[in-house]
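Observations on the model geometry
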Amino acid sequence: MIRYYLVIPVEHIPTVKDLQWRTEDYSLVSHMLEVKQMPLCRDAPQSTWYRFGFHQPPLNSINHVHLHCLALPYTPRLQKYLSFLTSLNRWKSIKLLSRGSIGFLEADKLLEKLKHLPPVISKL
């Protein structure tokens, strides 16, 4: 049973810090949240707790916005692989394993933030 998905937009946006108070950015994040529902509901129908969010700098390991979608409780099958990562590079493995509030922005909080940011005024 799959309990973890990534929703990745085609348009390249390096990090959540690059999203602005624009209809396009708000719509993109909203659409990403809509897309995530179908596979999780299909593949983990018994789950009653889900988590959706984005890694934010400096704790993002990939410079392309992507939404993490987890049906909880989530236990990776790759415990040996994660242990191996810990032995190779402690900092990166901490970034991968950390699901706390440091570096992880809940998707609904990002939408609220995008709603209330002041408009970007271009200087021409």
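This structure is a prediction, so every number in the text was calculated from the model and none was measured.

Our next topic: the overall build of the chain. Each helix and strand counted, the chain has four helices and four strands in total. Of the regular secondary structure in the chain, the N- to C-terminal order runs β-α-β-β-α-α-β-α. When the 124 residues of the chain are sorted by exposure, 39% land in the buried category. Across the chain, the fraction of contacts at a sequence separation of at least 24, relative to all contacts at a separation of at least 6, is 78%.

With 21 residues, helix α1 (residues 23-43) should cover 30 Å at 1.5 Å per step; its first-to-last C-alpha distance of 31 Å lies within 8% of that length. Those residues of α1 lying buried are D25, L28, V29, S30, M32, L33, K36, P39, L40 and D43. In the core, the buried residues of α1 are packed alongside β1 (4-7), β2 (49-55), β3 (67-72) and α4 (107-116).

Attention shifts here to the environment of F52. The residue F52 is located in strand β2 in this model. For F52 and E106, which are 54 residues apart along the polypeptide, the C-alpha to C-alpha distance reads 5.9 Å. Beyond its immediate stretch of four places on either side in the chain, F52 contacts L33, K36, L40, L67, H68, C69, F104, L105, E106 and A107.

For the bond running from P57 to P58, omega is 5°, close enough to zero to count as cis. Within the secondary structure, P58 is located in the loop between β2 and β3.

Per-residue confidence for the chain gives a mean pLDDT of 78; residues scoring 70 or more make up 69%. Mean pLDDT values for the elements of the chain range from 44 in helix α3 (residues 90-97) up to 91 in strand β4 (residues 104-106). Every residue in residues 90-100 scores below 50 in pLDDT, and together they form 20 contacts with partners more than four places removed in sequence or on other chains.

Here we have four strands laid out as an open sheet, ordered β1-β3-β2-β4, and antiparallel in their pairing. The sheet is open, and its two edges are formed by β1 and β4, each paired on a single side. Each adjacent strand pair in this sheet contributes to an overall mean axis angle of 30°, direction not counted. Judged from the four bridges that link them, β1 and β3 form a sheet pairing that is antiparallel. Within the sheet, the bridge partner assigned to L6 lies in β3 and is H68. Those strands touched by α4 are β2, β3 and β4, and its axis lies near 75° from that of β4.

Conventions and cut-offs
- Residues numbered from 1 in each chain as written.
- Predicted model: local features only at pLDDT ≥ 70, side-chain atom pairs only at ≥ 80, totals over all residues.
- Heavy atoms only, no water.
- Helix = DSSP H or I, 4+ residues; strand = E, 2+ residues; numbered from the N terminus.
- Buried < 20%, exposed > 50% of the residue type's maximum accessible area, 1.4 Å probe, protein only.
- Contact = heavy atoms within 4.5 Å.
- Expected span 1.5 Å × (residues − 1).
- pLDDT = per-residue confidence, 0-100.
- Pairing = 2+ DSSP bridges.
- Axes fitted to C-alpha atoms, helices over the stretch in contact; angles between N-to-C directions.

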